[in-house]
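Okay, here's what each chain looks like letter by letter:
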Amino acid sequence: MNLFDLNARVAVVTGGNAGIGLGIAKGLAAAGAAVVIAGRRPERNLEAARAVAAFKVSTAALEVDVSNEASCRAMVENTVGRFGRLDILVNNAGTTVRKQPETYTLAEWNKVIDTNLNGAFLCAHAAYPHMKNGGGGKIINIGSMMSIFGASYAAAYAASKGGIVQMTKALACAWAKDNIQVNAILPGWIDTPLTQSALREVPGLNERVLARTPAGRWGEPKDLAGVAVFLASGASGFVTGAAIPVDGGYSSQV
Ligand SMILES: NC(=O)c1ccc[n+]([C@@H]2O[C@H](COP(=O)([O-])OP(=O)(O)OC[C@H]3O[C@@H](n4cnc5c(N)ncnc54)[C@H](OP(=O)(O)O)[C@@H]3O)[C@@H](O)[C@H]2O)c1
């Protein structure tokens, strides 16, 4: 028996068309799962779905805006309509607005919370009945080092990612009875389009990340694949409510 086998499983990865989401989508596909790539940009979704199909699994590209409730529900219903089930939900879609808190508008604050926290809840809420009816499921929420630490330029982002960890614990407690495991991954500093913009906007960031990360390098999207496969598979059947750093030691170092 292969504890990490995902054959016959169906996964949705929000924000699966870029960065960490695409790294996770490829990992799930390599383990045998059918993967739905869901994001706002249809052409990027298609391109990512094609890359994932190279692992000889079924794929689909779905347009979704996770900050919109109807869109989240449509994504889940579409997935179940096409594949007949939903086993794995990766709540990865995320965004940030980098500026000092006193300069935030409410619209900027809401955009970050709506995408990173409310979106994850709405997708989980929509997925729950299908997972329950299917006999169980796996929900993987993507947190951040900002689930643990703060930064002057990231009030809304840190609030959303702190919320992700606490929501993960609450959903884990609520849905354990349905054999649904809910866990979070807390990535360290990973080289993606999101952090490419951070490098442009935050002076000295590259030097600080390299000095603070014991592994001495930035992470790559593929560094998240292993833990995602673990949390999506039977290997993690008794793991729920956990928040696992994948950070090259960043959060272990003073
Ligand atoms: N990179 C890091 O160092 C790092 C560290 C910790 C945590 N994270 C977290 O990891 C996740 C992925 O980050 P990343 O670095 O890979 O970022 P990224 O390269 O900017 O990718 C973000 C993804 O989210 C999607 N997205 C954004 N807003 C969306 C919305 N409203 N609805 C649906 N999809 C949406 C984007 O696709 P569309 O634009 O097509 O919608 C894109 O696929 C985020 O939750 C982020 O907070 C990243």
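Here the structure is shown first, and the text comes after it.
Residues numbered from 1 in each chain as written. Predicted model: local features only at pLDDT ≥ 70, side-chain atom pairs only at ≥ 80, totals over all residues. Heavy atoms only, no water.

This model, assessed by the stated rule, comprises 0 disulfides. Just so you know, Cys-123 is unpaired, no disulfide at all, and the nearest cysteine sulfur is the one on Cys-72, 3.5 Å from it. Residue Cys-123 is classed as buried on the basis of its relative accessible area of 0%. (Disulfide = S-S within 2.5 Å. Buried < 20%, exposed > 50% of the residue type's maximum accessible area, 1.4 Å probe, protein only.)

Time to look at the packing of aromatic side chains. Applying the stated criterion to the full structure yields 4 aromatic pairs. Between Tyr-104 and Trp-109 the ring centres are 6.2 Å apart and the planes differ by 75°, which places this aromatic pair in the edge-to-face class. Tyr-104 gets classed as buried once you look at its relative accessible area, which sits at 14%. The ring of Phe-149 carries Arg-212 above its face, with NZ or CZ at 5.0 Å from the centroid. One Lys or Arg, Arg-212, reaches over the ring of Tyr-250 and ends 4.3 Å from the middle of that ring. (Phe/Tyr/Trp six-rings, centres within 6.5 Å; stacked < 30°, edge-to-face > 60°. Lys NZ or Arg CZ within 6 Å of the ring centre and 35° of its normal.)

So, about the site of the ligand. In the vicinity of the ligand lie 28 residues, with Asn-17, Arg-40, Asn-92, Tyr-157 and Thr-192 positioned nearest. The side chain of Tyr-157 places a nitrogen or oxygen atom 2.5 Å from an oxygen atom of the ligand. Measuring from an oxygen atom of the ligand, one finds a backbone N or O atom of Ile-190 at 2.8 Å. For the ligand, whose unbound accessible area comes to 880 Å², protein coverage reaches 94%. It is helix 6 (residues 193-201) that provides the largest number of residues to the shell around the ligand, a total of 3 residues. (Near = heavy atom within 4 Å. Polar contact = N/O pair within 3.5 Å; in protein donor to acceptor, adjacent residues only side chain to side chain. Areas by Shrake-Rupley, 256 points an atom, 1.4 Å probe, with all protein chains shown as cover. Helix = DSSP H or I, 4+ residues; strand = E, 2+ residues; numbered from the N terminus.)

Attention now moves to the pairing of strand 4 (residues 88-91). Residues Ile-88 and Val-90 of strand 4 are buried on one face, and the alternating residues Leu-89 and Asn-91, pointing to the opposite face, are buried as well. Direction of pairing for strand 1 (residues 10-14) relative to strand 4: parallel, over a ladder of 3 bridges. Note that in strand 4 the partner of Val-13 across the bridge is Val-90. (Pairing = 2+ DSSP bridges.)

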